[in-house]
Amino acid sequence: MTAAASTFRPWTPPRRTERLSLLPFLWQSWRDPLAIWGEAHFQELYISGQSPLGRSLVVSDPAGVRHVLTDSAANYVKGDLQRRVLGPMLADGLLLTEGEQWRRARRIMAPLFTPAHTTRTVEAMDRVCRRRVEGWRLQHGARVLNIDSEMSGLTFDILSATLFSDDLDGDAAGFEKALNHFLAVGARISPLDALKAPDWIPRLGRVASGGDARFFKERVNALVARRRARLEQGDAPDDLLTALLSARDEEGDGSGLSNHEVASNILTFILAGHETTARTLGWTLHLISRDRRVADILKAEADAWDRSAGGLRDLIWHRAVIEEAMRLFPPAPAMIRQALEDDVIGGHEVKAGQSVLIAPWVIHRHEKLWAEPDAFHPERFLPENRKSIDRYAWLPFSGGPRICIGAAFAMQEAIIALAEILKAAEVEAITPVEPRPIHQVTLRSSRTMRLRLRARRDQPGA
Ligand code: HEM
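Note that the structure is predicted; figures quoted are calculated from it, not measured.

Participant: Just checking my understanding: could you explain the overall build of the protein chain for this structure?
Facilitator: Helix and strand content of the protein chain: 18 helices and twelve strands. Taken over 462 residues, the protein chain has a buried fraction of 55%. Sequence-distant contacts, at least 24 apart, represent 75% of the contacts inside the protein chain between residues at least 6 apart. Carbon and sulfur atoms provide 54% of the accessible area of the protein chain, an area that totals close to 20,000 Å².

Participant: Would you take a moment to explain the side chain of H318 for this structure?
Facilitator: With respect to the helices and strands, the residue H318 is situated in helix α15 (residues 316-328). Beyond its immediate sequence surroundings of up to four residues, H318 is in contact with L298, E301, A302, I415, L418, A419 and L422.

Participant: Whenever I open this one, the coordination of the iron atom of the ligand confuses me. Can you help?
Facilitator: Exactly one protein atom donates to the iron atom of the ligand; that atom is C404 (SG), 2.3 Å from the metal. Note that C404 resides in the loop between α17 (383-386) and α18 (407-424).

Participant: Looking at this structure, how should I read the site of the ligand?
Facilitator: Not every one of the 28 residues close to the ligand is listed here, only the nearest: W102, R106, R337, R402 and C404. With respect to the ligand, the side chain of R106 contributes an N or O atom lying 2.7 Å from an oxygen atom. A distance of 2.7 Å separates an oxygen atom of the ligand from a polar atom in the side chain of R337. Elements with a minimum of two residues in the shell around the ligand: α4 (99-109), α13 (259-289), β5 (335-339) and α18.

Participant: Can you walk me through the environment of E150 in this structure?
Facilitator: As for its placement among the helices and strands, E150 is situated in helix α7 (residues 147-164). Once the C-alpha coordinates of E150 and R450 are considered, the two residues, 300 residues apart in sequence, prove to be 9.9 Å apart. If we skip the residues at most four places from it in the chain, E150 touches R132, W136 and L145. Polar contacts involving the side chain of E150 include one to the side chain of W136, which spans 2.8 Å.

Participant: Would you explain the nonpolar core in this entry?
Facilitator: Generally speaking, a soluble globular protein has its nonpolar side chains buried in company with each other. Of all hydrophobic cores here, the largest spans 106 residues; its most connected members are M151, L244, I266 and L453. Sort the elements by how many residues they give to this core and α13 lands first, with 13 residues. Setting aside chain neighbours within four positions, we find M151 in contact with W136, A278, R279, L281, G282, L285 and I421. L57, V65, Y76 and I345 belong to the second largest nonpolar core, which has 16 residues in total.

Participant: Before we go on, may I ask you to explain the packing of helix α14 (residues 292-304) against α15 in this structure?
Facilitator: Running from amino to carboxyl end, α14 crosses α15 at an angle of 135 degrees, the nearest separation of the two axes being 8 Å. Between α14 and α15, the crossing angle belongs to the class labelled oblique. Each of R293, V294, I297, L298, E301 and A302 in α14 lies in contact with α15, whose residues at this interface are I316, W317, H318 and V321.

Participant: Sorry if this is basic, but what is going on with unusual backbone geometry here?
Facilitator: Residues apart from glycine generally show negative phi values, whereas peptide bonds are mostly found in trans. Although it is not a glycine, R307 sits at a positive phi angle of roughly 70 degrees. Looking at where R307 falls in the secondary structure, it is placed in the loop between α14 and α15. Phi is positive for S398, which is not a glycine, with a value near 70 degrees. Looking at the secondary structure, you find S398 in the loop between α17 and α18.

Participant: What is the right way to read α15 from this model?
Facilitator: An α-helical turn contains 3.6 residues, so a residue and the one three or four places further along point in the same direction. In a regular helix each residue adds 1.5 Å, so 13 residues correspond to 18 Å; α15 covers 18 Å between its end C-alpha atoms and thus fits that length. Along α15, the residues that are buried comprise W317, H318, A320, V321, I322, E323, E324, A325, M326, R327 and L328. Residues of α15 that are buried in the fold lie against α13, α14, α16 (360-363), α17 and α18.

What counts as what
All residue numbers refer to position in the chain's written sequence, counted from 1. Local features in this predicted model are restricted to residues whose pLDDT is 70 or higher, and side-chain atom pairs enter the listing and the counts only when it is 80 or higher, whereas totals over whole chains, interfaces and linings include all residues. Calculation of side-chain values draws on the structure's entire complement of heavy atoms; hydrogens and water are dropped beforehand. A helix here means a DSSP run of H or I that spans at least four residues, while a strand means a run of E at least two residues long, and both kinds are numbered starting from the N terminus. Exposure categories follow from relative accessible area, calculated using a 1.4 Å probe and restricted to protein chains: below 20% of the type maximum is buried, above 50% is exposed, and the middle band is partly exposed. Contact between two residues is taken to exist if any of their heavy atoms lie within 4.5 Å; hydrogens are not considered. Computed with the Shrake-Rupley method and a 1.4 Å probe, the accessible areas treat only the protein chains shown as cover for residues. Any N, O or S atom lying within 2.8 Å of the metal counts as a donor, with the limit raised to 3.2 Å for Na, K and Ca; because water is left out of the atom set, some sites can appear incomplete. We call a residue near a given molecule or strand whenever any one of its heavy atoms falls within 4 Å of it. N or O atoms within 3.5 Å of each other form a polar contact, as long as, within protein, one can give a hydrogen and the other can take it, and as long as residues adjacent in sequence are counted only when both atoms are side-chain atoms. Remark: nonpolar core denotes a set of buried residues (Ala, Val, Leu, Ile, Met, Phe, Trp, Tyr, Cys) joined through side-chain atoms within 4.5 Å. What counts as an axis is a line fitted to C-alpha atoms, over the stretch in contact for a helix, and the angles between N-to-C directions run from 0 to 180 degrees. Convention used here: angles under 35 degrees read as roughly parallel, angles over 145 as roughly antiparallel, angles from 65 to 115 as roughly perpendicular, and any remaining angle as oblique. Expected helix span is taken as 1.5 Å per residue step, with the number of steps being one fewer than the number of residues.

If you want it as structure tokens, here you go:
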């Protein structure tokens, strides 16, 4: 690392030094699972033990992670917990299905998310980003923005424009409200889930958020039905929804996705795609607001970008800063897998049915895997340094066959959004108190993140 490298260290939650007994464990799992991690998790590559959830193995060794996610992926399923938490919304979408149902849907959808296919959306993404930045009217003075809601609105608008040509009934604000309520109330790990209580015992959070799930389902079902009708009339727009409805399982029996499958996947894209990218942008802007040197490098790079798809390749600092932000603040902080059969991972026995935890939050800040793990050093991800990072030590998008299908889409979107913001604005902190991460399905800020955006005065003609 160069002498001039940044040394900003974002606020890091305190780490436990003692074991949690059952009740505090259940309380923390519900309130904020980040508080469960202890000092040892960031020092040991395997932690096996009897947790209140039963026997589990926390795997942070890149070789062990590779074993679970890739080499022996067929032996590890997602398990009940994720399905119980997200099932009410996403039951038959790609994120939660398993076996042949998942394989067939992934085969059909994979060609729509390749980097080459994603490049076709650059212009639409850029249009949406410019519209949002112009809407801030920075020329009339600096503005303090609610970054959480601005970034959620932005990534929702991008999905809406690129996936379904803005054809979804209802405004972004309505969706954001329902989504926030669902994440804050419905999608928590209920102590009853953790204790594997039967489904007929109602979970309060899920009952309270039933309206959110209905709101989403009704809108998306109507969208799919409308589009199917337009396809039959021959006037459907050329976007991802049309592609989803037209795609066929060429390697299989040639059939397509049902309306229900398409609706479940649109909901999955909205939930898995817009919230994660919004949080990535929020944490990235927070880091930039605290590091003037990095901000200056990014502004120069953004100014040089001609808004072309080809020019995105030159935004190497943009990519590096976003990747470093996702290392420090992984939008999906933990993944759970359940072993189907007995196995051994890195010398540790795993019994059939046992849970295996892979936590990017822990792996990305592990003392054995990173130099200065809690410091913001985007240089790590510059092309000349990146090759020394183990593929399985940096997993914001997971790995193996169940790797995020939207990874190229999300990176492209985040880079464009950041470049458009920095072409126009300085990003400034408004208080020395930093936002604190909390794990609520995604890694969010425990209090609303606010930053000041000021029109840049150093641009030609400013
Ligand atoms: C920064 C943004 C994003 C992050 C950090 C992220 C992260 C992840 C992770 C970690 C997984 C694996 C979950 C697991 O194995 O338990 C995943 C899966 C998935 N993601 Fe993303 N994601 C992002 C953006 C997107 C976008 C933009 C889309 C769609 C437009 C998307 C759609 C999906 C889908 C459908 C899956 C399930 C894939 C499968 O199981 O085959 N994600 N994502």
